[in-house]
Amino acid sequence: MPRIVQADRQGIEKAVAILRADGVVAFPTETVYGLGADTFNVQSVEQVYLLKGRPDDNPLIAHVSDVSTAKSLVETWDEWAQLLAQRFWPGPLTMVLPKAAIVPAQATAGLETIALRCPDHPVALELLRAFGGALSAPSANRSGRISSTTASHVAADFARVEDLLILDGGSCDVGVESTVLDLTSSMATILRPGRVGLAELQDVIGEVKSPQIESQASSPGTSLAHYAPSTTTYLVESNRLASKLESMTDSVVVLCFDATSIHPPRIAIPMPRDAEAYAQTLYDALREADAKGGEAIVIEQPSETSGLWSAIQDRLKRASCDS
Ligand code: TXA
Ligand code: MG
C-alpha cells in the first residue's frame, strides 16, 4: 500500500531520504502529480518506468527549482529559454533543449535533448530545494491512463506499490499537464498544448508552431491514445449529443454541461463552462466516470478551442481516440 503523507517538514525530509536511497516518490505540482526520481540515479529512473509501465522510448521531464539547475542539465541555454523562463517559470511550461553530456541517457530515453520544467507548487519547489538536484518525473499514473490530480488518484493507480510515499498537496490547480515546447530547431514548436498558450508564447519569442492533434506525433513515445479511461469513451459535439445517446444503451456515464438533460438510469457528471474550472476537474470526472463501470462514457465536446480550451480539446480527443 502507498503512504499518503502531509507535505510538512517531516514529510519532505522523508521524501528526500527515499530519493537519496535510490527510491521514487510522488509529489504534487500545479498541473498534475508527478512520480519523481533523481535525474542522475539510473536505478531510480528505471524504477519510474517500471512502476508506470511506461514504454522506454518515452522521455521524462526533469523538474528543477531554478534556472541555474536547468542550465546545468543542458548543452546550451539560449536566449529563447532565458526569456521564456523569466516569463513563465515557475509554471506549467516545459522546454525541450539539447541535453548536457552528464545527464544519463535513461533520463531522456536515449535522446540528445532534455525536457525541463520548474513547477509552480510550494511542495514541489520545497522538495526540489531540499533534495538539491533535479527530479525526473512523469505524471503519476499508469502509462496511457488518466493523470492524477489528487494524492488519492496516485494511491489508487499504484495501490500495489508497497510503501510508495505520496506527498499530499491537495488538488492540482491547473489540472492538465504542462505545455511542452521544443526549442531545438529554428522554429519553436508546441509538442503538447497546456496552460501556457500559443499566444502567450508568441508574445515572448515571436513565431511558434502549433501542430494539429492529428499530425502531432512529435513527442517521442506518445501514441495518440492517452489520458484514456478504461471504459470506451466517445467525444460528441453538443448538437449531436441527444441523437448519439438515443443510439446507446442505458449504461452510460455522460460528462456534460447541462446535467438536467440526462435522465436516469444514465448518470450525468456536470462539467463547468469555464476553461480553468473544466481543466481542474476533468481528470477527476473521467476517473469518477470510469469507476461507475458503465458500458461507455460520453463526453459533450466543448465548442471553444482557443487558449486553455486547446489543451482540454487535445486531452479529450486522446481520451476518446480509440473509440
Ligand atoms: O505537467 C507536467 O508536465 C507533468 C508534471 C508532473 O510536471 N508531467 C508530465 O510528464 O506530464 P509526462 O511524462 O506524463 O509527459 C511528458 C511529456 C511526454 O509527452 C514526453 O514525450 C515529452 O513530455 N518529453 C519529455 N522529454 C522530451 C524530449 N526530450 N523531447 C520531446 N518531448 C519530450
Ligand atoms: Mg503523462
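These figures come from a predicted structure and were not determined experimentally.

Engineer: I tried to follow the overall build of the protein chain on my own but got confused; where do I start?
Structural biologist: A count of helical and extended segments in the protein chain gives ten helices and 15 strands. The C-alpha atoms of the protein chain give 19 Å as radius of gyration, which agrees with the globular expectation for 323 residues (20 Å, within 12%). If you line up the protein chain on its principal axes, its C-alpha atoms span 60 × 45 × 30 Å. Looking at the protein chain residue by residue over its 323 residues, the buried ones come to 54%. Counted over contacts in the protein chain with a minimum sequence separation of 6, partners at least 24 positions apart contribute 66%. For the protein chain, the exposed surface amounts to about 13,700 Å²; the carbon and sulfur share of it is 48%.

Engineer: Whenever I open this one, the packing of aromatic side chains confuses me. Can you help?
Structural biologist: Each pair of aromatic rings is reported with the distance of its centres and the angle of its planes. Scanning the entire structure with this criterion turns up four aromatic pairs. Residues Trp77 and Trp89 carry aromatic rings whose centres are separated by 6.0 Å and whose planes lie at 50° to one another, so their mutual orientation is tilted. Linking Trp77 in the loop between helix H3 (67–72) and helix H4 (79–88) with Trp89 in the loop between H4 and strand E5 (93–98), this pair joins segments that are twelve residues apart in sequence. What links up through ring pairs into an aromatic cluster is the set Phe257, Tyr278 and Trp309.

Engineer: Could you clarify how one ought to interpret the sheet that holds strand E10 (residues 188–192) in this entry?
Structural biologist: Two modes of strand pairing occur in sheets, parallel and antiparallel, and in both the strands are linked by backbone hydrogen bonds. Ordered in space as E1-E8-E2-E3-E7-E4-E6-E5-E9-E10-E11, the eleven strands form an open sheet in which the pairing is mixed. The sheet terminates laterally at strand E1 (3–6) and strand E11 (208–209), the two strands that pair on one side only.

Engineer: Teacher, can you tell me more about the sheet that holds strand E15 (residues 296–301) here?
Structural biologist: Strand order across the open sheet formed by four strands is E12-E15-E13-E14, with parallel pairing between neighbours. If you trace the sheet from one side to the other, it starts and ends with strand E12 (233–237) and strand E14 (267–270), each paired once. Neighbour-to-neighbour, the strand axes of the sheet open up by a mean angle of 25°, direction not taken into account. Contacts from helix H8 (residues 238–246) reach E12, strand E13 (252–256) and E15, with the element oriented near 130° to E12. The strands that helix H9 (residues 275–291) touches are E13, E14 and E15; relative to E15, the one it contacts most, it runs at about 160°.

Engineer: Could you clarify how one ought to interpret the site of ligand 1 in this entry?
Structural biologist: Taken together, the neighbourhood of ligand 1 is formed by 27 residues, with Thr31, Arg54, His63, Ser178 and Arg192 sitting nearest. Interatomic distance of 2.6 Å between a side-chain N/O atom of Thr31 and an oxygen atom of ligand 1. The separation between an oxygen atom of ligand 1 and a polar side-chain atom of Arg54 is 2.8 Å. Compared with its free state, where it exposes 680 Å², ligand 1 has 97% of that area covered by protein. Looking at the shell around ligand 1 element by element, the count peaks at four residues for strand E6 (residues 113–117). Taken together, the residues of the shell around ligand 1 break down into 14 nonpolar, nine polar and four charged.

Engineer: Sorry if this is basic, but what is going on with unusual backbone geometry here?
Structural biologist: Both trends apply: most residues other than glycine have a negative phi, and most peptide bonds are in trans. Backbone torsion omega between Trp89 and Pro90 reads -10°, so that peptide bond is classified as cis. Among the secondary structure elements, Pro90 is positioned in the loop between H4 and E5. That bond from Pro264 to Pro265 is cis: its omega, 5°, falls within 30 degrees of zero. Position of Pro265 among the secondary structure elements: in the loop between E13 and E14. Here Tyr227, not a glycine, exhibits a phi torsion of approximately 50°, which is positive. Within the secondary structure layout, Tyr227 lies in the loop between E11 and E12.

Engineer: Would you take a moment to explain the pattern of salt bridges for this structure?
Structural biologist: Going through the model one piece at a time under the given rule, you end up with ten salt bridges. Arg3 is paired through a salt bridge with Asp163; the nearest N and O atoms lie 3.8 Å apart. Here Arg3 is found in strand E1, whereas its partner Asp163 is found in the loop between helix H6 (151–157) and strand E8 (165–168), with 160 residues between them in sequence. Owing to a relative accessible area of 31%, Arg3 belongs among the partly exposed residues under this scheme. With a closest N to O distance of 2.7 Å, Arg315 and Glu177 form a salt bridge. Note that Arg315 is positioned in helix H10 (residues 308–319) and Glu177 in the loop between E8 and strand E9 (179–182), a separation of 138 residues in sequence. The exposure class of Arg315 is buried, given its relative accessible area of 1%. Look at Glu177 and you get buried, because its relative accessible area is 3%. One salt-bridge network, in which partners are shared between bridges, spans Glu177, Asp314, Arg315 and Arg318.

Here is what the cut-offs are and how they apply
- Residues numbered from 1 in each chain as written.
- Chains lettered and ligands numbered in written order.
- Predicted model: local features only at pLDDT ≥ 70, side-chain atom pairs only at ≥ 80, totals over all residues.
- Heavy atoms only, no water.
- Helix = DSSP H or I, 4+ residues; strand = E, 2+ residues; numbered from the N terminus.
- Rg over C-alpha atoms; globule rule 2.2 N^0.38 Å.
- Buried < 20%, exposed > 50% of the residue type's maximum accessible area, 1.4 Å probe, protein only.
- Contact = heavy atoms within 4.5 Å.
- Areas by Shrake-Rupley, 256 points an atom, 1.4 Å probe, with all protein chains shown as cover.
- Phe/Tyr/Trp six-rings, centres within 6.5 Å; stacked < 30°, edge-to-face > 60°.
- Pairing = 2+ DSSP bridges.
- Axes fitted to C-alpha atoms, helices over the stretch in contact; angles between N-to-C directions.
- Near = heavy atom within 4 Å.
- Polar contact = N/O pair within 3.5 Å; in protein donor to acceptor, adjacent residues only side chain to side chain.
- Nonpolar A, V, L, I, M, F, W, Y, C, P; charged D, E, K, R; others polar.
- Salt bridge = Lys/Arg side-chain N within 4 Å of Asp/Glu carboxyl O.

In short, geometric facts, not functional conclusions.
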